[in-house]
Amino acid sequence: MILKAKLKFPYEQLLATPTTAAVASLVVSLVALSFSPILIRLSEGELGPNATIFNRFWISTVALVLWNGFAAARLRLSNNQPEKLQLYPIRLVLLLIGGSFVIFATLALWALSLTQTNVANATLMHYLAPLFTVLGGWLIFGKRFDGKFIIGTFVAIVGAGIIVYNDFSLTSDKLQGDLMALLSAVFLGFYPLIVEQLRSQLSPTIIMTWCSAIGSVLLLPIALLTEDRLFPYSLSGWLYAICLALICQIIGLGLYAYSLNKLSSGFVSLCDLFVPVFSSVQAWVIFSESLNWSTLISFVVIISGVYLTSSSEFAIKSEVESAM
C-alpha cells in the first residue's frame with residue numbers, strides 16, 4: 001500500500017488569498033509550461049523524444065523526493081512532529097495511477113505525433129483538450145456548465161485554431177499523426193479532472209511526486225526500446241533536461257495542480273490554450289522565428305473566450321466544493 005505524508009508545496013505559503021492565489025498560480029503555470037516545446041526542441045539536439053520525456057520524469061522525481069525529505073527533516077529539527085503516515089484509500093491509489101498514466105500517455109503520444117504530422121496539425125488537435133475536459137466532467141463527474149461557459153470554451157478553441165491556420169494541412173499521409181495528436185488531447189483533457197479529485201485530499205507535491213515516479217517507470221522500457229541514447233552527454237544537454245524537469249514538470253504542473261483546488265477543471269483546461277501563444281512569442285525571442293498576425297489575433301480571441309468563461313459561475317469553485 002502507498003503511504004501518505006502530506007507536506008506543503010514550497011511556494012504555497014507565499015500565496016495569500018485562495019482564489020487570487022489560484023489565478024496567479026495558473027498564470028505562472030501556463031508561462032512555465034509554454035517553455036516545454038522550446039526546451040524539448042533544444043534537448044532533442046542530443047536525445048530522441050521518448051528519452052527527453054523520460055529525463056523530465058525521473059529528474060522531477062528525484063528533486064521532489066529530496067524536497068519531501070528536506071521538509072520532513074526540517075520539521076523534526078524544529079521539534080514539530082510531521083503528520084503521521086497513513087495508508088491511502090484504494091480510490092486515491094487508483095486516481096494517482098490514473099493521473100500518472102494520463103500525463104505519461106499525453107506526453108508520449110504528443111511526442112510521437114510530431115514525428116508523423118506537421119507541428120500545426122498536431123498543435124490544433126492537441127489543444128482540443130478542453131472539449132474532452134468539459135465532456136468528461138459532464139459524463140463522468142456530473143458537472144454542469146451554463147451557456148457562458150460553453151460559448152466561451154468554443155470561442156477560445158477557435159482562437160487557438162487561428163494560430164495554426166496558415167500551416168494546417170488535411171493531407172491523408174498525415175492522418176495517423178493527426179489521430180495520435182487527437183488522442184493525446186483526450187488524455188490531456190482528463191488530466192485536470194483527475195487532479196481536481198486528488199487535490200481535495202493531497203498536496204501538489206505528493207501528486208507530482210507520484211505522477212513523475214510512475215511516469216518514469218512507464219516510459220523507461222519504451223525509451224530503452226526506441227532510443228539510441230537515454231541520457232544527455234553534454235553539459236548543455238543536461239541543463240536543458242534539468243530545466244525541463246524543474247520549470248515545466250515541477251513548477252508548471254505543480255502550480256497547475258495547486259490552482260485546481262479553487263478553479264474548476266474546465267476553466268483551467270481552457271486556459272491551457274494560452275500555452276501555444278506564449279510558446280510562439282518565446283520562439284520569436286529565442287529562435288528569431290517569424291511572428292505573424294495570427295498570433296496576435298489568436299491571443300485576443302482566446303482572452304475573449306476565457307473572459308466570457310470566467311464570468312460563469314462554474315469557473316470558480318464554491319467554498320463547499322473546495323473543501324470536499
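Procedures and definitions
Residues numbered from 1 in each chain as written. Predicted model: local features only at pLDDT ≥ 70, side-chain atom pairs only at ≥ 80, totals over all residues. Heavy atoms only, no water. Helix = DSSP H or I, 4+ residues; strand = E, 2+ residues; numbered from the N terminus. Buried < 20%, exposed > 50% of the residue type's maximum accessible area, 1.4 Å probe, protein only. Areas by Shrake-Rupley, 256 points an atom, 1.4 Å probe, with all protein chains shown as cover. Phe/Tyr/Trp six-rings, centres within 6.5 Å; stacked < 30°, edge-to-face > 60°. Core = buried A, V, L, I, M, F, W, Y, C linked by side-chain atoms within 4.5 Å. Contact = heavy atoms within 4.5 Å. Disulfide = S-S within 2.5 Å. Axes fitted to C-alpha atoms, helices over the stretch in contact; angles between N-to-C directions. Parallel < 35°, antiparallel > 145°, perpendicular 65-115°, else oblique. Left-handed = near helix turned anticlockwise from the far one by under 90°. Patch = residues over 30% accessible without salt bridge, like charges linked within 9 Å, V, L, I, M, F, W, Y side chains within 5 Å. Salt bridge = Lys/Arg side-chain N within 4 Å of Asp/Glu carboxyl O. Arc of directions from axis to C-beta. Polar contact = N/O pair within 3.5 Å; in protein donor to acceptor, adjacent residues only side chain to side chain.

## Describing the overall build of the protein
Part 1: Counting its secondary structure elements, the protein contains 14 helices and two strands.
Part 2: Taking all 324 residues of the protein together, the buried fraction comes to 51%.
Part 3: As displayed, the protein has an accessible area near 15300 Å², and 69% of this comes from carbon and sulfur atoms.

## A few points about the packing of aromatic side chains
Part 1: Under the defined criterion, the tally for this structure stands at eight aromatic pairs.
Part 2: Aromatic pair W58 and F231: ring centres 6.1 Å apart, planes at 90°, arrangement edge-to-face. Here W58 is found in helix α3 (residues 49-77), whereas its partner F231 is found in the loop between α9 (204-226) and α10 (235-259), with 173 residues between them in sequence.
Part 3: Classification of F231 as partly exposed rests on a relative accessible area of 37%.
Part 4: Among the aromatic residues, those joined into a cluster by ring pairs are F54, W58, F231 and W238.

## Some details on the nonpolar core
Generally speaking, a soluble globular protein has its nonpolar side chains buried in company with each other.
Part 1: Membership of the largest hydrophobic core comes to 57 residues, with the highest contact counts inside it found for L26, Y191, L198, L202 and L273.
Part 2: Ranked by the residues each element gives to this core, the list is headed by helix α4 (residues 90-113), at 11 residues.
Part 3: If sequence neighbours within four positions are ignored, L273 has contacts with Y127, P130, A156, I157, A160 and I302.

## Some points on the state of the cysteines
Part 1: Following the criterion strictly, the structure yields zero disulfides and no others.
Part 2: This cysteine, C243, is not joined by any disulfide, and C248 carries the nearest cysteine sulfur, 8.7 Å off.
Part 3: Owing to a relative accessible area of 23%, C243 belongs among the partly exposed residues under this scheme.

## Considering the packing of α9 against α10
Part 1: As a packed pair, α9 and α10 sit with axes 9 Å apart at the nearest point and diverge in direction by 130°. With respect to α10, the axis of α9 lies oblique. Where α9 crosses over α10, the handedness of that crossing is right-handed. Here α9 contributes P204, M208 and S212 to the contact with α10, which in turn contributes Q249, L253, G254, A257 and Y258.

## Digging into a nonpolar patch on the surface
Part 1: A surface patch of nonpolar side chains, amounting to about 530 Å² of accessible area, comprises L135, W138, L139, I140 and F141.
Part 2: Position of W138 relative to the elements: it lies in helix α6 (residues 129-139).

## Quick word on the packing of α6 against helix α7 (residues 147-162)
Between two packed helices, the angle of one axis relative to the other and the distance separating the axes together describe the packing.
Part 1: Running from N to C, α6 and α7 point in directions that differ by 160°, and their axes come no closer than 10 Å. In terms of orientation, α6 lies roughly antiparallel with respect to α7. The two elements α6 and α7 meet at a crossing, and its hand is left-handed. Contacts between α6 and α7 involve P130, L131 and V134 from the first element and F149, I150, T153, F154 and I157 from the second.

## What about the environment of D272?
Part 1: Mapped onto the fold, D272 is located in the loop between α11 (265-271) and α12 (274-287).
Part 2: Judged by its relative accessible area of 7%, D272 falls in the buried class.
Part 3: C-alpha separation for the pair D272 and S34, spaced 238 residues apart in sequence, amounts to 9.3 Å.

## Digging into the side chain of T52
Part 1: Turning to its location among the elements, T52 is positioned in helix α3.
Part 2: For T52, a relative accessible area of 2% corresponds to the buried category.
Part 3: Those residues in contact with T52 that sit more than four places away from it in its chain are I40, S43, E44, L47 and L244.

## Notes on the environment of S280
Part 1: Within the secondary structure layout, S280 lies in helix α12.
Part 2: Note: C-alpha distance between S280 and P37 (243 residues apart in sequence) is 9.6 Å.

## Some thoughts on α6
Part 1: Of the residues making up α6, those classed as buried are A129, P130, T133, V134, G136 and G137. Down the axis of α6, the smallest arc covering the buried residues is 170°, so these residues share one side. Along α6, the residues that are exposed and aim more than 90 degrees away from the buried face are W138 and L139.

## Observations regarding the side chain of N50
Part 1: You can see N50 is positioned in helix α3.
Part 2: Of the residues examined, N50 reaches a relative accessible area of 14% and is grouped as buried.
Part 3: In this structure the side chain of N50 is engaged in a polar contact, spanning 3.0 Å, whose partner is the side chain of T226.
Part 4: Residues contacting N50, with those up to four places away along its chain left out, are L219, I222, A223, T226 and E227.

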